[in-house]
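Chain and residue survey
Chain by chain, the residues:
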Amino acid sequence: MGRWLRPEGPQARKVVEQVACEGLVNALPSSLAQQVRCHPYKDMPGLLEVLERQLAVYQAGGTERHARGNRQGWAAIPEPSRRAVEAPQRPKEKLASPRYVTYLKSVMPSTIDEGFFDFLREVDSSSVSVAAIPEGSVVFPKVCAIDGSTRPIASGSVTGDNLVSTNAARFCLAAGSNKKLLEFGLRRAQGPDGGLSASRYSYIGGFHGSSNVLAGKYFNIPVVGTMAHSFITSFSSLKEVHPSTLISENGEGPPVDLVKLSVFWLNRVCSHLHMTPEEANKGELAAFISYAIAFPRNFLALLDTYSVIRSGAVNFCTVALALCQLNYQPVGVRLDSGDLCRQSVDLRRIFHSCSTEFQVPGFKSLVIIGSNSISEQSVMEMKEQLVQVNGKPRMKFCEDPEKATLPGRKAVYRLYNNDGILDLLYIAKVPISFIIPTPITMSIEMITIDQRTVTY
């Protein structure tokens, strides 16, 4: 189960502590372990406190309320019970209940000796032993990770988790150390238990956080997330924003009407981006404003509900600039559909342009998150499709000519005449007169990223 543990980080220590807690709980009798798992704990001291309380219940044979009463002096716990709490002895548990043995007998051949079923009825856990490589270790092929009399059962529970953590590690290697990866897969996991396992072992594999709040509670995984499409579509106009005011970040001055402030910035943003305010969806803008009022220090907007460039980006910049005016720093945006590479480049260009136009340096550091059908291959392709760094062209060579990239930042001209259409691709800084030095009988149209066209 590949884990790039960060020994110097507090999260790594927390994960190790959680593993120790889980090992302790797993060693308890099943009925006691089940009771312990019903009570939240964050660390080993918390687990020991829960365990002490549940042991009192377990030994006294009463309810938890009765046990709390015993601890508070309402009743006395017999001396043997107190000794058991101090040094609990793990009882021998039957591994096969009578009804399971009866079922096996009904489905197995009638020639099976009755002594085999008698043996199953008497098997207990006293002889069970399991040896395993410590959780979080890198395990190479052909290395036996688990050995013991319960290996088939243990392997079944470990294999899926091992695959998740290994896949997460491969994603991290593909993305590089300067990128953060977040797990958002709860909706598509194999049930609630599968979702918890996926969140936990993605984190063990190197991911930086999860949208699974329960996994964060149980395993101290950083919880992250953004707004949902359903939240955005639930708004239809600015009149639905309530409350509509926000106090500045330093707490000084009266509350500011964020709706009016956003409308002011909407006009300025649209003018700068050569758009009209009517093109931006007002329901989406209302959702962004409401979210910003609720989370002014964690404003991260989902842009693709309607149109990423024509609506989402405009509305985000509008609300983000309003927050900046109140001394808040917006976090960034998330893209959940379409060509994530192209859209992220478009957005970065818009953010840098707004940063320069409105003198807001924080816009250059806004985060862009990509989600939806992300694979290891797509992560590598997004990294590899690099054509320019610090103004210097870059080119990818490949055995497959179709996967090679053209160097430099390009501009595209579309040429028309009676015979058809021709797209002309060339380095953006080169004048069109240099590319086409003599007049031609074709109309030329510049194709820009936001689909606006200018005819020459």
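First, a word on scope: everything that follows refers to the structure included in this document. Computed from a predicted structure; not experimentally measured.

1. Considering the overall build of the chain
Looking only at helices and strands, one finds 17 helices and 15 strands in the chain. Taken across its 456 residues, the chain has 36% of its residues classed as buried. Of the contacts formed within the chain by residues at least 6 apart in sequence, a portion of 59% connects residues at least 24 apart. Carbon together with sulfur atoms contributes 57% to the accessible area of the chain, which is approximately 27,000 Å² in total.

2. Concerning the packing of aromatic side chains
Evaluation of the coordinates by the stated rule reveals 13 aromatic pairs. When the ring of Phe116 is compared with that of Phe117, the centres are 5.5 Å apart and the planes differ by 65 degrees; the resulting orientation is edge-to-face. Taking 5.2 Å as the distance between ring centres and 70 degrees as the angle between the ring planes, the aromatic pair formed by Phe231 and Phe235 counts as edge-to-face. Its relative accessible area of 28% is what places Phe231 among the partly exposed residues. One aromatic cluster is present, formed by Phe231, Phe235, Phe288, Tyr291, Phe295, Phe299, Phe316, Phe351 and Phe363 through successive ring pairs. The ring of Tyr100 has Arg99 lying over it, and the distance from NZ or CZ to the ring centre is 4.9 Å.

3. Concerning the packing of helix α14 (residues 308–325) against helix α15 (residues 340–358)
Look at α14 against α15: their axes get within 11 Å of each other, and the N-to-C directions meet at 35 degrees. In this structure, α14 meets α15 at a crossing whose hand is right-handed. Across from Val308, Ile309, Ala313, Phe316, Cys317 and Leu321 in α14, the residues of α15 making contact are Gln343, Asp346, Leu347, Ile350, Phe351, Cys354 and Phe358.

4. Focus: the sheet that holds strand β9 (residues 367–370)
Strand order in the open sheet formed by 3 strands is β7-β8-β9, and the pairing between neighbours is parallel. Among the strands making up the open sheet, the edge pair consists of β7 (300–302) and β9. Strand-to-strand twist in this sheet, taken as the mean axis angle between neighbours without regard to direction, amounts to 20 degrees. Pairing between β7 and strand β8 (residues 332–335): 3 bridges, direction parallel. Bridge pairing in β8 places Leu302 opposite Arg334.

5. Examining the environment of Arg268
The topology assignment puts Arg268 in helix α12 (residues 258–272). Overall, Arg268 belongs to the partly exposed group, its relative accessible area being 37%. Residues Arg268 and Phe358, spaced 90 residues apart in sequence, show a C-alpha to C-alpha distance of 9.3 Å.

6. Some words on a nonpolar patch on the surface
Taken together, Tyr103, Leu104 and Val107 make up a surface patch of nonpolar side chains, about 290 Å² in accessible area. Locating Val107 in the fold gives a position in helix α6 (residues 98–107). With relative accessibility at 48%, the residue Val107 sits in the partly exposed group.

7. Topic: the pairing of β9
Two strands pair when backbone bridges link them, and β8 and β9 are joined in this way by 4 bridges, in the parallel orientation. Opposite Gly332, over in β9, you have Val367 as the bridge partner. As for the winding sense of the linkage, the β-α-β connection from β8 through α15 to β9 is right-handed.

8. A look at the pattern of salt bridges
Going through the model one piece at a time under the given rule, you end up with 7 salt bridges. Here Lys105 ties to Glu114 by a salt bridge, and the two come within 2.8 Å at their closest N and O atoms. The shortest N-O distance in the salt bridge between Arg334 and Asp336 comes to 3.4 Å. On the basis of relative accessibility, which here comes to 10%, the residue Arg334 falls in the buried class. On the basis of relative accessibility, which here comes to 16%, the residue Asp336 falls in the buried class. Several salt bridges converge on common partners, so that one network encompasses Lys105, Glu114, Asp118 and Arg121.

9. Re unusual backbone geometry
With the exception of glycine, the majority of residues adopt a negative phi angle, and the majority of peptide bonds are in the trans configuration. Note the cis peptide between His242 and Pro243, where omega equals -5 degrees. You can see Pro243 is positioned in the loop between α11 (229–233) and β5 (245–246). Of note, Asn327 is a non-glycine position whose phi angle comes to about 70 degrees, a positive value. Looking at the element boundaries, Asn327 is found in the loop between α14 and β8.

10. Description of the packing of α12 against α14
Put simply, α12 and α14 touch, their axes get as near as 8 Å, and they point 120 degrees apart. The angle between α12 and α14 places the two elements in the oblique class. Relative to α14, the crossing made by α12 is right-handed. Contacts between α12 and α14 involve Leu258, Leu261, Ser262, Trp265, Leu266, Val269 and Cys270 from the former and Val314, Asn315, Cys317, Thr318, Val319, Leu321, Ala322 and Gln325 from the latter. By residue class, the composition of the contact of α12 with α14 is 11 nonpolar, 4 polar and no charged.

11. Some remarks on the nonpolar core
Residues Leu258, Phe288, Phe299, Leu303, Phe316, Leu347 and Phe363 are the most contacted members of the largest nonpolar core, which totals 52 residues. When contributions to this core are tallied by element, the ones reaching two or more residues are α12, α13 (282–294), β7, α14, β8 and α15. The contacts of Phe316, once residues within four sequence positions are left out, are Phe288, Phe299, Ala301, Leu303, Pro330, Gly332, Val333, Phe351 and Leu366. Among the nonpolar cores identified, the runner-up in size contains 11 residues, and Val25, Leu32, Ala33 and Leu47 belong to it.

About the thresholds
- Residues numbered from 1 in each chain as written.
- Predicted model: local features only at pLDDT ≥ 70, side-chain atom pairs only at ≥ 80, totals over all residues.
- Heavy atoms only, no water.
- Helix = DSSP H or I, 4+ residues; strand = E, 2+ residues; numbered from the N terminus.
- Buried < 20%, exposed > 50% of the residue type's maximum accessible area, 1.4 Å probe, protein only.
- Contact = heavy atoms within 4.5 Å.
- Areas by Shrake-Rupley, 256 points an atom, 1.4 Å probe, with all protein chains shown as cover.
- Phe/Tyr/Trp six-rings, centres within 6.5 Å; stacked < 30°, edge-to-face > 60°.
- Lys NZ or Arg CZ within 6 Å of the ring centre and 35° of its normal.
- Axes fitted to C-alpha atoms, helices over the stretch in contact; angles between N-to-C directions.
- Left-handed = near helix turned anticlockwise from the far one by under 90°.
- Pairing = 2+ DSSP bridges.
- Patch = residues over 30% accessible without salt bridge, like charges linked within 9 Å, V, L, I, M, F, W, Y side chains within 5 Å.
- Salt bridge = Lys/Arg side-chain N within 4 Å of Asp/Glu carboxyl O.
- Right-handed = clockwise from strand over helix to strand, strands pointing away.
- Parallel < 35°, antiparallel > 145°, perpendicular 65-115°, else oblique.
- Nonpolar A, V, L, I, M, F, W, Y, C, P; charged D, E, K, R; others polar.
- Core = buried A, V, L, I, M, F, W, Y, C linked by side-chain atoms within 4.5 Å.

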